[in-house]
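Analysis of the macromolecular model
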Amino acid sequence: MKRICIILANGSEDMEVVIPYDLWNRAGLIVKLLSIHKKKNVSLAHGTKIISHELLANENLSKYNGIYIPGGLEGVKNILNPQLAQKLHTHIKNNYQKQNITFISICAGSTVFSELGLPETIKMTCYPGFEKHLGKSYVKKDVVVNKNFITATGPAKAFDLALAVIKKFVSPNKAKEIAKNILKDYK
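Since we're looking at a predicted model, the values are computed, not measured.

Next up on the list: the pairing of strand β1 (residues 3-8). Burial analysis of β1 places five of its six residues in the buried class, the great majority of the element. By the bridge criterion, six bridges tie β1 to strand β2 (residues 30-35) in an arrangement that is parallel. Residue isoleucine 7 lies in a different strand from β2, and its bridge partner there is leucine 34. Note on the crossover from β1 through helix α1 (residues 14-26) to β2: the handedness is right-handed. Two strands pair when backbone bridges link them, and β1 and strand β6 (residues 66-69) are joined in this way by three bridges, in the parallel orientation. When the bridges of β6 are listed, isoleucine 4 appears paired with glycine 66.

The strand order across the open sheet built from seven strands is β5-β2-β1-β6-β7-β9-β8, with neighbouring strands paired in mixed fashion. The open sheet terminates on both sides in strands that have one partner only, identified here as β5 (54-55) and β8 (143-146). Where β2 meets β5, two bridges bridge the pair, whose relative direction is parallel. Of the residues in β5, the one forming a bridge with serine 35 is leucine 55. Packed onto the sheet, helix α6 (residues 158-169) meets β1, β6, β7 (102-106), β8 and β9 (149-152) and runs at close to 170° relative to β7.

Turning our eyes to something else, we now look at the pairing of β6. Here β6 shows no split at all, with Gly66 and Tyr68 on one side and Ile67 and Ile69 on the other all buried. Pairing analysis gives four bridges linking β6 to β7, with the strands arranged parallel. Bridge pairing in β7 places glycine 66 opposite threonine 102.

Here we come to the packing of α6 against helix α7 (residues 172-181). Contact pair α6 / α7: the axes reach a minimum separation of 6 Å and the direction vectors enclose 145°. Contacts between α6 and α7 involve Leu163, Ile166 and Lys167 on the former and, on the latter, Pro172, Lys174, Ala175, Ile178 and Ala179. Residue composition of the contact of α6 with α7, grouped by class: six nonpolar, no polar and two charged.

The residue isoleucine 79 is located in helix α2 (residues 73-80) in this model. Look at isoleucine 79 and you get buried, because its relative accessible area is 0%. Separated by 71 residues in sequence, isoleucine 79 and leucine 8 have C-alpha atoms that sit 8.2 Å apart. The residues contacting isoleucine 79, other than those within four sequence positions of it, are Ile7, Ala9, Ile36, Ile69, Ala85, Leu88, His89 and Val112.

Reading guide: rules and limits
- Residues numbered from 1 in each chain as written.
- Predicted model: local features only at pLDDT ≥ 70, side-chain atom pairs only at ≥ 80, totals over all residues.
- Heavy atoms only, no water.
- Buried < 20%, exposed > 50% of the residue type's maximum accessible area, 1.4 Å probe, protein only.
- Helix = DSSP H or I, 4+ residues; strand = E, 2+ residues; numbered from the N terminus.
- Pairing = 2+ DSSP bridges.
- Right-handed = clockwise from strand over helix to strand, strands pointing away.
- Contact = heavy atoms within 4.5 Å.
- Axes fitted to C-alpha atoms, helices over the stretch in contact; angles between N-to-C directions.
- Nonpolar A, V, L, I, M, F, W, Y, C, P; charged D, E, K, R; others polar.

This is how it looks when you write it as structure tokens:
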């Protein structure tokens, strides 16, 4: 069974947390919410309150097949703060080339990878206006699947990102089934 952790921070974008969490659970993936803060309660960008399953500091990230970083400007700033998320930073830097781990991000969350100095040979997308942060890694597409990275542009593409992950982790048929059940066009 594939396992994904969603990295939560105060200020993470509500839709980019809730939509993937819901769809990945529907697909039968094991999904855990991890707070980067010293408390499990997290306040998302637009007022949604989330109680994480665990604190990042207490979790072994190596047991996850997928690490997901949602966007939200304040949330991304918090995730980039080494005092809050050094464990995550170290894990990404040490494992970005391993094909058994998929790094997933959306919106401004994709800038975390470039800010941590990952090579520009990894192709990604991000929220419009953040392209300069990705440099030569930037690809102008709604969803980019490249090597062991899956990235998307923003909140409206949270469904497409989640379905791309389901396609990879479960099967294309499962992604189509879930899309059909939620009345989402999907190819």
